[in-house]
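Structural characterization, general
Residues per chain are reported as follows:
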2 protein chains.
Amino acid sequence: MTLKLYVDRLSHPCREVIIFCKLNGIDFEEVHIDLSKRQHLTPEFKEVNPMKQIPAIMDGKIKLSESHAIVKYLACAFPGIADHWYPADLYKRAKVESVLDWHRTNFPRGPGSYVFTSVLAPVYGLRLNPQAASRSEKILIASLAKIESVWLQKKGRFLLGSGQPSIADLSLACEIMPLEALDERDRERILGPFKRVQKWLDDTKNVMAPHFEEVNSILYKFKENLQKQRDQVGSSITQSSRKHYLHSKM
Amino acid sequence: MTLKLYVDRLSHPCREVIIFCKLNGIDFEEVHIDLSKRQHLTPEFKEVNPMKQIPAIMDGKIKLSESHAIVKYLACAFPGIADHWYPADLYKRAKVESVLDWHRTNFPRGPGSYVFTSVLAPVYGLRLNPQAASRSEKILIASLAKIESVWLQKKGRFLLGSGQPSIADLSLACEIMPLEALDERDRERILGPFKRVQKWLDDTKNVMAPHFEEVNSILYKFKENLQKQRDQVGSSITQSSRKHYLHSKM
């Protein structure tokens, strides 16, 4: 029975799971759960994941949610996954777990939240929230500084000084990618000071090509549509027309 | 070389690591890093954990941070740890990972934050913040409802329907324990509606006795001191005298 991924590519933890499967030749069926239509809240989806969150998977009778747990499960359950993704060595694995755990404790109001509150909210019928965006930006900058000075301090191209990426690289890179949906000035203001992070992000894109960029392309489309919208209707656009425009183009 | 735990028992992830060691007969040296004195920000501690956060451990040459990562490492690195804590079985482990990951994504502004912003902040020289407490309470109630209706839905006494606790039980129970520092009315208002959660918390305390209660006793002391303070100086107490009183008694 084919592995089923319940996902919406607008969600970065969903993109993380899809990319991992594609990179490792794991066959799957992609079941689109449209967050903007609240399909994750339906009784049908509750049968898949009673937490009513995506991503979720079904692998035969096995149901699982939460992106980190899913990716670790896939790395262990499917044959032939290269060791560097989730090392069997006790200490190496512990360090990867440490980055993943840090990711969850430090980024919950990070890049995704900043982009959501400063750009993306109208897609979901919500208002932009500059105050929340400002709070998220502070957390985001502090977290990027820690990646720059701690996780990327060693010589290897990837996190923890490794020469090959782990699921921690994949997960953090997917977390940061929503910044690509910002306009250039805003993106540069936030990412500009962090040279190592930028290089690592480029290296990650390259080593995970073409799947990383392909799955994340929804962000570039979003950015393109937003720019067209700005060009066409100027700054006086209302929240409701912006929402309509984005829905019709994505 | 003895395992070193760099901890402050006022921090619940620190208590999680200490309790795990005590429950499993792992010898350790407890190195107190006083958060209220900002000892986690010193250059000496930066050598242990460049993230400047606790808990952190040193096991010989191995340095590790983040409580979930630490506890998983200890469960695998030390001999004779019972399998139920972090099952070797792929699916059982994946489900434990799912709870731990959910914990991190859903609780970051949960019980600890509520208690901090509504009661504990003056210990650290900060003001109480009713607005933040209100935001945290909403997240806390929603998370408790999910534990009640999803993670505790099955027949076993512990999370995921298990008859024995895993590190997910330990971690979530430590997360929720700061609610013990609230006065009875506030505690009952929050935990009262969640009967399964209350029974599970009691079962967890019992199965982890005496270490769970002993390590968490700092919360009861805190509550006792707060009550004495209320009784002695009434409601007109200033922030500064409250801070002084709590520092002198804890």
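Cut-offs applied
Residues numbered from 1 in each chain as written. Chains lettered and ligands numbered in written order. Predicted model: local features only at pLDDT ≥ 70, side-chain atom pairs only at ≥ 80, totals over all residues. Heavy atoms only, no water. Least-squares fit on C-alpha atoms with pLDDT ≥ 70 in both. Buried < 20%, exposed > 50% of the residue type's maximum accessible area, 1.4 Å probe, protein only. Helix = DSSP H or I, 4+ residues; strand = E, 2+ residues; numbered from the N terminus. Polar contact = N/O pair within 3.5 Å; in protein donor to acceptor, adjacent residues only side chain to side chain. Pairing = 2+ DSSP bridges. Contact = heavy atoms within 4.5 Å. Salt bridge = Lys/Arg side-chain N within 4 Å of Asp/Glu carboxyl O. Nonpolar A, V, L, I, M, F, W, Y, C, P; charged D, E, K, R; others polar.

Here's the deal with the relation of the copies chain B and chain A
- Superposing chain B onto chain A takes a rotation of 180° combined with a translation of 0.0 Å along the rotation axis, leaving an RMSD of 0.0 Å. The relationship between the two copies is best expressed as a two-fold rotation axis. Distance from the rotation axis, computed per C-alpha, reaches its smallest value in chain B at B:Arg104: 2.8 Å.

Examining helix 7 (residues 167-176) of chain B
All names here are of chain B.
- Of all 10 residues in helix 7, 10 are buried; the element is thus mostly enclosed.
- Listed as buried for helix 7 are Ile167, Ala168, Asp169, Leu170, Ser171, Leu172, Ala173, Cys174, Glu175 and Ile176.
- At the N-terminal end of helix 7, a side-chain oxygen is found 3.0 Å from the backbone nitrogen of Ala168, two or three residues along, and the residue is Ser166.

Quick notes on the pairing of strand 3 (residues 56-59) of chain B
All names here are of chain B.
- Where strand 1 (residues 3-7) and strand 3 come together, three bridges link them in antiparallel fashion. In the sheet register, Tyr6 faces strand 3, and the bridge partner there is Ala56.
- In this antiparallel pair of consecutive strands, strand 3 and strand 4 (residues 62-65), the connection spans two residues, and Gly60 shows a positive phi of 65°.

Observations regarding the interface of chain B and chain A
- The interface of chain B with chain A comprises 35 residues on the first partner and 35 residues on the second.
- Connecting chain B to chain A are four salt bridges.
- Among the elements of the structure, strand 4, helix 3 (67-77), helix 4 (90-106) and helix 6 (130-151) of chain B are those that each provide at least two residues to the side of chain B that touches chain A.
- No other element matches helix 4 of chain B, which puts 12 residues into the side of chain B that touches chain A.
- For the side of chain B that touches chain A, the residue count by class is 17 nonpolar, seven polar and 11 charged.

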